[in-house]
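# Breakdown of the fold
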Amino acid sequence: KSTEIEEVGSNMFKVHGSLTLHGVTKSVLLHAQYFGPTYFTDETGSYTTMGFAATAYLQREDFGMTWNFKYPGGFTVGKHINITLNAEADLEKEG
């Protein structure tokens with residue numbers, strides 16, 4: 001759930017909010033980009049499309065995910081999670 005969007009550059013934003021995983025809610029920061037709008041037309045009409053991408057970096061143990069298995073030389077599951085989101089939004093067809 002987002003709580004604040006901060007513009008930090010041309011089509012670039014920081015999205016502050018909260019994320020719940022495994023029943024644990026923590027504050028998160030997403031680094032986001034906005035692409036578009038893009039306009040195109042086909043035989044059925046004209047369309048407007050916008051794209052979004054965002055990344056976040058979390059530590060899974062902060063959300064209570066602590067299971068791991070140690071083997072000689074390391075662990076089977078890392079402590080860090082990189083989340084990447086890609087989305088596209090199409091406005092309603094014109095005409």
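### Things to note about the sheet that holds strand E3 (residues 24-42)
Strand pairing in a sheet takes place through backbone hydrogen bonds and is either antiparallel or parallel in direction. Sheet architecture is open: five strands sit in the order E1-E2-E3-E4-E7, paired in antiparallel fashion. The open sheet has two edge strands with one neighbour each: strand E1 (2-9) and strand E7 (80-90). If you compare each strand with its neighbour and ignore which way they point, the axes differ by 30 degrees on average. Examined bridge by bridge, strand E2 (residues 12-21) and E3 share ten bridges and lie antiparallel to one another. Of the residues in E3, the one forming a bridge with Met-12 is Gln-33.

### Focus on the environment of Thr-20
Along the chain, Thr-20 falls in strand E2. Put simply, Thr-20 and Phe-63 are 43 residues apart on the chain and 7.9 Å apart in space, counted from C-alpha to C-alpha. Among the polar contacts made by the side chain of Thr-20, one reaches the side chain of Thr-25 at a distance of 2.6 Å.

### With respect to the layout of surface pockets
Volume-wise, the largest pocket comes out at about 200 Å³. Lining the largest pocket are 13 residues, with Val-15, Ala-32, Phe-52, Ala-53 and Ala-54 positioned closest to its centre. Only E2, E3, strand E4 (45-59) and E7 provide two or more residues apiece to the lining of the largest pocket. Grouping the amino acids of the lining of the largest pocket by side-chain chemistry returns eleven nonpolar, two polar and no charged.

### Concerning the pairing of E1
Of the pairings in the sheet, the one linking E1 to E2 comprises six bridges and is antiparallel in character. Within the sheet, the bridge partner assigned to Ser-2 lies in E2 and is Gly-17. Linking E1 back to E2 in an antiparallel pair, the connection comprises two residues, with Asn-11 at a positive phi of about 65 degrees.

### A few points about the packing of aromatic side chains
Tallied over the entire structure, the rule returns two aromatic pairs. Between the aromatic rings of Tyr-34 and Phe-52, the centroid separation amounts to 5.4 Å while the plane-to-plane angle is 45 degrees, which identifies the pairing as tilted. Here Tyr-34, found in strand E3, pairs with Phe-52, found in strand E4; they are 18 residues apart in sequence, far enough to count as distant. For the pair Phe-40 and Tyr-47, a centre-to-centre distance of 5.1 Å together with 15 degrees between the ring planes defines the contact as stacked. The class of Phe-40 is partly exposed, set by a relative accessible area of 39%. For Tyr-47, a relative accessible area of 18% puts it in the buried group.

Definitions and cut-offs
- Residues numbered from 1 in each chain as written.
- Predicted model: local features only at pLDDT ≥ 70, side-chain atom pairs only at ≥ 80, totals over all residues.
- Heavy atoms only, no water.
- Pairing = 2+ DSSP bridges.
- Helix = DSSP H or I, 4+ residues; strand = E, 2+ residues; numbered from the N terminus.
- Axes fitted to C-alpha atoms, helices over the stretch in contact; angles between N-to-C directions.
- Polar contact = N/O pair within 3.5 Å; in protein donor to acceptor, adjacent residues only side chain to side chain.
- 1 Å grid on protein atoms, 1.4 Å probe; cavity = no way out; pocket = protein on both sides within 12 Å on 5 of 7 lines; lining within 4 Å.
- Points joined across faces, edges and corners; volume = space filled by probe spheres on them.
- Nonpolar A, V, L, I, M, F, W, Y, C, P; charged D, E, K, R; others polar.
- Phe/Tyr/Trp six-rings, centres within 6.5 Å; stacked < 30°, edge-to-face > 60°.
- Buried < 20%, exposed > 50% of the residue type's maximum accessible area, 1.4 Å probe, protein only.

Geometry only, nothing functional implied.
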